[in-house]
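Here are the chains, one letter per residue:
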Amino acid sequence: MEWANAIVQGVLLGGLYALLAAGLSLMFGVMRLVNLAHGALAIVAAYAGLVLVQKTGMPPFASIVIVVPLMAILGWVLQRTLLNTALNRQALAPILVTFGLAVIIQNLLLELFTADNQSIDVGSLASSSIQITPDIAIGVFPLITFIVGVLVIGLLQQYLARTATGRAMRATSDDREAAELMGIDNKYVYSLATAISLGLVGIAGVFLGIRTQFNPTFGDATLIFAFEAVIIGGLGSLWGTLAGGMILGIAQTVGAQAFPSSGVLLGHVVFLLVLAFRPTGLFPKVVNG
Amino acid sequence: MALLEVDAIDVHYGDFQAIYGLSITVDEGETLAVIGANGAGKSTLLKTIAGINRPRVGEVRFDGANISGLAAHRRVPLGISLTPEGRRIFPSLTLEENLLVGGHTKRPGYWNLTTVYETFPLLADRRSRLGVHASGGEQQATAIGRALMSNPRLLLLDEVSLGLAPIVVENIYAALPNISAQGTTVLVVEQDVNQALKVANRVHCLLEGRSVLEGKPAELSREQIASAYFGI
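Calculation criteria
- Residues numbered from 1 in each chain as written.
- Chains lettered and ligands numbered in written order.
- Predicted model: local features only at pLDDT ≥ 70, side-chain atom pairs only at ≥ 80, totals over all residues.
- Heavy atoms only, no water.
- Helix = DSSP H or I, 4+ residues; strand = E, 2+ residues; numbered from the N terminus.
- Rg over C-alpha atoms; globule rule 2.2 N^0.38 Å.
- Contact = heavy atoms within 4.5 Å.
- Areas by Shrake-Rupley, 256 points an atom, 1.4 Å probe, with all protein chains shown as cover.
- Core = buried A, V, L, I, M, F, W, Y, C linked by side-chain atoms within 4.5 Å.
- Buried < 20%, exposed > 50% of the residue type's maximum accessible area, 1.4 Å probe, protein only.
- Phe/Tyr/Trp six-rings, centres within 6.5 Å; stacked < 30°, edge-to-face > 60°.
- Lys NZ or Arg CZ within 6 Å of the ring centre and 35° of its normal.
- Salt bridge = Lys/Arg side-chain N within 4 Å of Asp/Glu carboxyl O.
- Expected span 1.5 Å × (residues − 1).
- Buried area = accessible area lost by both parts, 1.4 Å probe.
- Polar contact = N/O pair within 3.5 Å; in protein donor to acceptor, adjacent residues only side chain to side chain.
- pLDDT = per-residue confidence, 0-100.
- Patch = residues over 30% accessible without salt bridge, like charges linked within 9 Å, V, L, I, M, F, W, Y side chains within 5 Å.

Draft legend 1. Spotlight on the overall build of chain B. For chain B, the count of helices and strands is ten helices and ten strands. Computed over its C-alpha atoms, the radius of gyration of chain B comes to 17 Å, within 12% of the 17 Å expected for a compact globule of 232 residues. If one aligns the C-alpha atoms of chain B with their principal axes, the spans along those axes are about 45 × 35 × 35 Å. Within chain B, residue pairs in contact and separated by at least 24 positions form 68% of the contacts whose partners lie at least 6 positions apart. When the accessible surface of chain B is split by element, carbon and sulfur atoms take 51% of a total near 9,400 Å².

Quick look at the structure:
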């Protein structure tokens, strides 16, 4: 039953990874941009939540309502000022720009908040759990995280599939120039995608800040986990990203059950195995242009 | 009155010049065919009108206004729509979604899903098929339908016949009279000279980026066209 418990915990952890990875997946899907600042931006959101909770005393979940629009605006501005320009250069430019951005953000956070570990306090919610069987207990907060992760991915998927703007995003993703010939402004579409992506990072960052102790350098690990979730699931597929997050989460918790100090390492091993034997991911987008 | 005036444009790709001082006017409601061999600058001309390429010298005027500096996506609301060479269907979208994306600007007019399906009945049955899985003919019909969905005043058709079986080409060109009947001005680029002469009110022949012959199909002889086409 210890193993069943590890799997259940892994699935729940996967919800957080999926939440972290959804924005990364969206930006790559729409504009083939690998945002290396994704993890650092999640930590920005975590600190934003922390500051709001500490300074105003508002409930942690309420801070999300403020953090998400702030992050979305930041995303819009980033795309308009930096990323659209970078996308028009060679393929390497967006990678260098977002990498530089990650370094700058990390150092700014170190200046502002020092390297001390901090966490957003949710009181007893952090430790309350539901006993399912004598061996399996589900943490209430991980459960909330998981539900939010699945909801976010489901809503994003519906948005892309059913709305005119979502359709325009998919068209732009398929063929940017042809989409422009339909009257679609790709700069607008890209800015919207990044705004949505960072809005999702806003949710993910606050959840991350509640779940664990974090410091300004925590963005690197966050980026890697999000990245691994996207790659395991298959590039450009949102449901794949959810599945990828769960597989990564299970690999880490089951791994930790078997080798208590090497859970994260086993997550990386699973990622490398997928990369070696199924480089397109487990659930790649069926169609490719 | 002229709907489109292309006035002495030079168009370059980097250091390579594709069009030299080309001038073409298209009147409202007419169908103009631009013919010429590979590399004559036909597709470049259409892309310049649609806004994908910019002329280095000269002007493109639409309905009297200079649009040379306008981005491609801003020309669609004015009523310019291009069916690009190679069709460029969105592969991960269904054929119906492709059509709906064509109507993105919501320009009002005769064309909507119903009228497009009436004009290209084969698309109605295949509407839920993904672009990537559609046949060449279905893709071409979708590409034209997609362009029509923006209710253009000027429809630019690039190499409609390319890579399609003659019977399919025949079917697709059969839709052209219905398109013109809505008052739409059509500028068609074709390598298939016979097809072009059949549908056009007027023909321009390009050779190496310059216009070398212009006239009504009935007034041009085979020899004139052949020598203009091949530059002999």
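Draft legend 2. Structural view of the nonpolar core. All names here are of chain B. Counting 106 residues, the largest nonpolar core has Leu4, Leu45, Ile49, Leu156 and Leu187 as its most contacted members. Other than its neighbours up to four places away in sequence, Leu45 contacts Val6, Ile9, Ile19, Leu22, Ile24 and Val34. Listed in part, the 38 residues of the second largest apolar core include Leu157, Ala196, Leu197 and Val203.

Draft legend 3. Layout of the packing of aromatic side chains. Going through the model one piece at a time under the given rule, you end up with nine aromatic pairs over all chains. Here the aromatic rings of A:Phe61 and A:Phe141 are separated by 6.2 Å at their centres, their planes lie at 40°, and the arrangement is tilted. In this pair, A:Phe61 sits in helix α3 (residues 60-87) while A:Phe141 sits in helix α5 (residues 140-162), placing the two residues 80 residues apart along the sequence. For A:Phe61, a relative accessible area of 32% gives the class partly exposed. One aromatic cluster is present, built from ring pairs that chain together A:Tyr47, A:Phe113 and A:Phe214. Seen from the ring of B:Tyr20, B:Arg210 lies directly overhead, with NZ or CZ sitting 4.1 Å from the centre.

Draft legend 4. Quick look at the pattern of salt bridges. Tallying each qualifying case throughout the model produces 15 salt bridges over all chains. As a salt-bridge pair, B:Arg88 and A:Glu177 come within 3.4 Å of each other at their nearest N and O atoms. Taken together, the positions of B:Arg88 in the loop between β6 (80-83) and α3 (95-102) and A:Glu177 in helix α7 (residues 176-181) put the pair across two chains. Taking the relative accessible area as the measure of exposure, A:Glu177 reaches 28% and is therefore partly exposed. Between B:Glu5 and B:Arg61 there is a salt bridge, with the nearest N and O atoms lying 3.6 Å from each other. In this pair, B:Glu5 is assigned in strand β1 (residues 2-13) and B:Arg61 in strand β4 (residues 57-62), connecting sequence segments 56 residues apart. Owing to a relative accessible area of 21%, B:Glu5 belongs among the partly exposed residues under this scheme. Through salt bridges with shared partners, a single ionic network connects B:Glu5, B:Asp7, B:Glu59 and B:Arg61.

Draft legend 5. Structural view of helix α6 (residues 136-148) of chain B. Residue and element names in this part refer to chain B. Here α6 is 13 residues long and its end C-alpha atoms lie 18 Å apart, about the 18 Å a rise of 1.5 Å per residue gives. Burial within α6 is extensive, with twelve of its 13 residues counted as buried. Among the residues of α6, those classed as buried are Gly137, Glu138, Gln139, Gln140, Ala141, Thr142, Ala143, Ile144, Gly145, Arg146, Ala147 and Leu148.

Draft legend 6. Main features of the interface of chain A and chain B. Between chain A and chain B, the residue contacts involve 19 residues of the former and 21 residues of the latter. Across the interface of chain A and chain B, roughly 2,100 Å² is buried in total on both sides, 65% from carbon and sulfur atoms. Along the contact surface separating chain A from chain B lie three salt bridges. The shortest N-O distance in the salt bridge between B:Arg88 and A:Asp175 comes to 2.6 Å. On inspection of chain A and its partner chain B, the count reaches five residue pairs in polar contact (both at pLDDT 80 or more).

Draft legend 7. Examining the confidence of the model for chain B more closely. Confidence in the prediction of chain B, expressed as mean pLDDT, is 93, and 100% of residues score 70 or more. Across the assembled chains, the prediction reports ipTM 0.94 with pTM 0.92.

Draft legend 8. Seen up close, unusual backbone geometry. Residues and elements named next belong to chain B. Phi angles above zero are rare outside glycine, and Ala8 is one such case at about 50°. One can find Ala8 in strand β1. Look at Glu159: it is not a glycine, yet its phi comes out positive at around 50°. Along the chain, Glu159 turns up in the loop between β7 (154-158) and α7 (166-173). Residue classification places Glu159 among the buried positions, given a relative accessible area of 4%.

Draft legend 9. Main features of a nonpolar patch on the surface. Residues and elements named next belong to chain A. Together, Leu265, Val269, Leu273 and Phe277 line one region of the surface with nonpolar side chains, adding up to about 420 Å² of accessible area. Topologically, Val269 is positioned in helix α11 (residues 263-277). Assessed through its relative accessible area of 36%, Val269 is described here as partly exposed.

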